Each structure stands twice: as structure tokens, then as C-alpha cells.
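Coordinate inspection notes
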Amino acid sequence: MMRKKILVTGGSGFIGGNFVQYMVNKYPDYDIYNLDLLTYAGDLTKHREIEEKDNYWFIKADIADREEIIPLFTSKKFDYVVHFAAESHVDRSITEPEIFIRTNVLGTQVLLDAAKLVNVKKFVHVSTDEVYGELDFDPNIFFTEDTPLQPNSPYSASKASSDLLVRSYSETYGLPVNITRCSNNYGPYHFPEKLIPLTISRVLNDQKVPVYGDGKNIRDWLHVIDHCSAIDLVLHEGENGEVYNVGGHNERNNLEVVKTILHTLNKSEDLIEFVEDRLGHDKRYAIDPTKLEKLGWKPKYNFDTGIAQTIQWYLDNKEWWEQIISGEYREYFEKQYNV
Ligand code: NAD
Ligand code: TYD
């Protein structure tokens, strides 16, 4: 039997990195290609354990560079594409929106053209619930796949744009696609600019944790491994052209998240520092995952078990995040938080 060739874009980032490891270990008979530009968010050291395996390859390339991407597809003839590569941080999109359009919109379009050229069997576009905009605090209302797209940040607007392009390649050219829209992820290798790893790394250094506004904004937290299993399922079983929401009903407001981390690490709530609110700060995200559950998906973690596993991982892997927060990240932090 021919081995399946799977291209994973953004496989050196947080979720793509976890997905690459999950796939390389789960499917020894698939060839997994990780294509990544290694921006500030990409890091190869996390893949030391799989680097020697004979079903894993790394390709350094820019998804928005047509001259590079088209010849790569015609020579490698990938069977499947799982597309994670993106600029992913809302705060950065507020100060520098342009790169979000280049990578997330133009980059996706280049990949779609390349995928069409070699007739891939499936293009899974990894998107976000943020494309739906925000919900109010009524706990009975959720995002479904039919919720209208109403993105509020340059990040979510760029992701919504890419979702629409993916849809159009399905409708116009019959490209076999799926779009997944997942809620906030957390877990190993989460870059410390995002709330949960930022809180863990700062608390472990007895530094103040910046909470935006009143801390009441709600996110629906999913452990990254449960996102990986959802994408694996959609890749194999998803019906062409369909969108699948991914989430596990783990809503918490930001203060609850920060306090859980402080209590687990036996640190004082005095470390909480309320700072100026994010511009256009979405109030609440919450996913209705019924459609994906019907396909057979079941998450392994709830928030309590997942956050405990994650905090332990950050305790056991200090080297990884210390190397990140000592680099150019420090400059970013000072600029972002005005310190
Ligand atoms: P990340 O920022 O940790 O990783 C992004 C990766 O993409 C990095 O390795 C980076 O080097 C690479 N990349 C950036 N620009 C590139 C380019 N031009 N060419 C090739 N590679 C490039 O992001 P993440 O949090 O792992 O998110 C991955 C995907 O999942 C994104 O598409 C994001 O929108 C989506 N998503 C994220 C979350 C979340 O909570 N983090 C939730 C739902 C969906
Ligand atoms: P983040 O991890 O950036 O993810 P997203 O904006 O994609 O949801 O932020 C999660 C929540 O935490 C969001 O409501 C903003 C808030 N937040 C803070 O309060 N302080 C911080 O320093 C950061 C980075 C985020």
C-alpha cells in the first residue's frame, strides 16, 4: 500500500507542533511533512524526539511565497494538507495587522492553489471560534456552525477571510475541504505570550500577572491534545465541504483561570494586577460541539484535569519556556505591557 503523504503547515508552533508529534507517533505508516517558516512562534527544539523517526520531515518555507510553495507541491505531491500556519496572537494583530493579512489570508490562498494543482484528497483548514465574534454572558447561547461570521479583531478578521477562501475553493473548484473552528487551546508548548502560559511562567518567577479590564471575559478552554484528536477525526471522517466546531464546554472567566493557577502553585492572589483592557475585547466565546460529537469525537480532559497536567508540564519543562522568555520575547512584553 502507498504511504499517505501529509503536509502539516505551522507544525513548529503550539498546536501544529502537538499535532505533528501526535500523528508521527500514532501513524508510523504516514509520512508527515512539517512546513514552517520558524517565526518568533516556531521552535524546532520541541521535535527532538521525533526528528530521528523515518516518517517525519521538516521543510522551512513561507506559505505566502508562491514561488516556493507551488514547486514544492508539484514535486512532493502531498495527499493531505492540515493547515495551521498563521499569525495567531490577538494583541499583536491590534498593533501590527498587516502581517496577519499576508500570512493568514494570502498564505492560505497560495496553499489552496497548490492543493488544487496536485488534487489533494483533503485540505483541513484549522480555524478558530473567534471568527463568530463574541457572545454575551447568557450561558444558554453557544456558537454553532451556522452562527454568522462577525469577527472583531484583525486576527479574527484575517481568519474569517481565510475560511471564506477555503469555502470558495470547495464551492468553485470542488476542492475537498474541511474547516475546524476550535475554542481557546492550552497545554504543553503553549507560547508564553498567551494567558495561561504567561500566567504560569510569571507566577513561577513571582512576577505580577496582567489581567485585562475586570477579568470577567469568558473563554472556552480545550486541552491541545483534544484539539489534535478532533482534527485527526475530521481528516479521516469529515464530510467534504463541512465546518466542524471544536470545544468541550469548559467555560471560565480570566480571573478564574488565573486564580486556579495561583492556588495550584500555592501563590498569593496579590500577584494579580488589573491592567488596561484590550481594545475590542470579545466578552465571551462558547462552543456547541454537537456536530463533531456526532462524528464520534470525545475529549479526554476537562479543564480541571487539563490545567493540572499543563501546570505540571511547565514545572517539568522550565528549560523550554525560560529560553523563550529570555529572548526577543522580553522586548515584546515590555512594549505590550508598558513596563
Ligand atoms: P502559533 O503562533 O503557536 O504557531 C504558528 C506557527 O505558524 C509557527 O510555528 C510559525 O512559525 C508558523 N508560521 C507563521 N507564519 C508562517 C508562514 N508565513 N509560513 C509558514 N509558517 C508560518 O499558533 P497556534 O496557537 O499553534 O495556532 C495554530 C492554528 O490554530 C492557527 O491557524 C490558529 O488560528 C488556530 N487556532 C488557535 C487556537 C489557540 O487557542 N491557540 C484556537 C483555535 C484555532
Ligand atoms: P489570549 O490567551 O491572548 O487568547 P485570545 O485572545 O485568543 O482569547 O487571551 C485569553 C484571554 O485572556 C482574553 O480574554 C484576554 C485575556 N488576557 C489577559 O487578561 N491578560 C493577558 O496578559 C493576556 C495575554 C490575555
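Residues numbered from 1 in each chain as written. Chains lettered and ligands numbered in written order. Predicted model: local features only at pLDDT ≥ 70, side-chain atom pairs only at ≥ 80, totals over all residues. Heavy atoms only, no water.

**As for the site of ligand 2**
To be explicit about the condition: We call a residue near a molecule or strand as soon as one heavy atom of that residue lies within 4 Å of the molecule or strand. Contacts described as polar in this section are N or O atom pairs within 3.5 Å, which, within protein, must combine one atom able to donate a hydrogen with one able to accept it, while residues neighboring in sequence count only if both atoms come from side chains. Per-residue and other accessible areas follow the Shrake-Rupley method at a 1.4 Å probe size, with only the shown protein chains counted as cover for residues. Where helices and strands are cited, they refer to DSSP runs of H or I of at least four residues and of E of at least two residues respectively, numbered from the N terminus. Only Asp, Glu, Lys and Arg are considered charged in this grouping, and only Ala, Val, Leu, Ile, Met, Phe, Trp, Tyr, Cys and Pro are considered nonpolar; every other residue, Gly among them, is considered polar.
Looking at ligand 2, there are 19 residues lining it, with E130, R219, R278, H281 and Y337 nearest. The backbone of L195 places a nitrogen or oxygen atom 2.9 Å from an oxygen atom of ligand 2. Between an oxygen atom of ligand 2 and a main-chain N or O atom of Y212, the distance comes to 2.8 Å. In isolation ligand 2 offers 510 Å² of accessible surface; the protein chains occlude 97% of this area. The set of elements that each furnish at least two residues to the shell around ligand 2 consists of α4 (90–95), α7 (195–204) and β8 (209–212). Considering each element in turn, the shell around ligand 2 owes the most residues, three residues, to β8. Considered class by class, the residues forming the shell around ligand 2 number eight nonpolar, five polar and six charged.

**Describing the site of ligand 1**
Among the 28 residues in the neighbourhood of ligand 1, the closest are listed as I15, D36, S88, Y155 and K159. Protein contacts shield 97% of the accessible area of ligand 1, which totals 840 Å² for the unbound molecule. Of all elements in the fold, only α1 (14–26), β5 (122–128) and α6 (154–173) reach the threshold of two or more residues within the shell around ligand 1. Examining the composition of the shell around ligand 1, we find that three residues originate from one element, β5, more than from any other. Taken together, the residues that form the shell around ligand 1 break down as 13 nonpolar, twelve polar and three charged.

**Focus: the pairing of strand β2 (residues 30–36)**
Definition in use: Only protein chains enter the calculation, and the probe is 1.4 Å; a residue is then buried if its accessible area is under 20% of its type maximum, exposed if over 50%, and partly exposed in between. Two strands qualify as a pair provided DSSP detects at least 2 bridges between them. Handedness of a crossover is defined as follows: with both strands directed away from the viewer, a clockwise route from the first strand across the helix to the second makes it right-handed.
Most of β2 sits out of view: seven of its seven residues are buried. Pairing of strand β1 (residues 4–9) with β2 involves six bridges; the strand directions are parallel. The partner of K4 across the bridge, within β2, is Y30. The β-α-β motif built from β1, the intervening α1 and the parallel element β2 has right-handed crossover chirality.

**Notes on the pattern of salt bridges**
Rules: Salt bridge, as applied in this entry: a Lys or Arg side-chain nitrogen positioned within 4 Å of an Asp or Glu carboxyl oxygen.
Throughout the structure, instances matching the rule amount to 15 salt bridges. Of the charged contacts in the structure, one is a salt bridge between K194 and E193, with a shortest N-O distance of 3.9 Å. For the pair formed by K194 and E193, the shared burial category is buried.

**Digging into the side chain of N55**
With respect to the helices and strands, the residue N55 is situated in the loop between α2 (48–51) and β3 (56–60). A relative accessible area of 2% places N55 in the buried class. Looking at N55, its side chain comes within polar contact range of the main-chain oxygen of Y27, at 3.3 Å.

**Regarding the environment of G241**
For clarity, the cut-off: Any two residues whose heavy atoms approach within 4.5 Å are treated as being in contact.
Checked against the element boundaries, G241 lands in the loop between α8 (224–237) and β11 (243–246). We classify G241 as partly exposed; its relative accessible area is 36%. Taking the C-alpha atoms as reference points, G241 and V124, separated by 117 residues in sequence, lie 9.8 Å from one another. When sequence neighbours within four positions are dropped, the list of residues in contact with G241 reads S170, V177 and N178.

**Quick notes on the environment of I324**
Within the secondary structure, I324 sits in helix α12 (residues 318–325). Each C-alpha atom, one on I324 and one on E193, is 10.0 Å from the other, the two residues being 131 residues apart in sequence. I324 has contacts with F191, P192 and Y329, leaving out every residue within four places of it along the chain.

**Here's the deal with the packing of helix α9 (residues 254–264) against helix α11 (residues 303–316)**
Rules: Angles run from 0 to 180 degrees between N-to-C directions of axes, and those axes are lines fitted to C-alpha atoms, restricted for helices to the stretch in contact. With respect to orientation, any angle under 35 degrees is reported as roughly parallel, any angle over 145 as roughly antiparallel, any angle of 65 to 115 as roughly perpendicular, and every other angle as oblique. Here is the rule for handedness: rotate from the far helix to the near one, and if that takes an anticlockwise turn smaller than a right angle the crossing is left-handed, while a clockwise turn gives right-handed.
Contact pair α9 / α11: the axes reach a minimum separation of 11 Å and the direction vectors enclose 55°. Accordingly, the angle class assigned to the pair α9 and α11 is oblique. The two elements α9 and α11 meet at a crossing, and its hand is right-handed. Counted together, V257, T260, I261 and T264 of α9 and F303, I307 and I311 of α11 form the full contact between these two elements. Each residue belonging to the contact of α9 with α11 can be placed in one class, and the counts come to five nonpolar, two polar and no charged.

**Re the sheet that holds β1**
Judged by pairing direction, the sheet is parallel, and its seven strands sit side by side in the order β3-β2-β1-β4-β5-β6-β11 without closing on themselves. Of all the strands in the sheet, just β3 and β11 have a single pairing partner and so form its edges. Across the sheet, the mean angle separating the axes of adjacent strands is 20° when strand polarity is ignored. Of the pairings in the sheet, the one linking β1 to strand β4 (residues 80–83) comprises four bridges and is parallel in character. The residue bridging I6 from the neighbouring strand is Y80, located in β4. Sitting on the sheet, α1 touches β1, β2, β3 and β4, and the angle it makes with β2 is about 165°. Along the sheet, α6 contacts β5 and β6 (177–182); its crossing angle with β5, the most-contacted strand, is approximately 155°.

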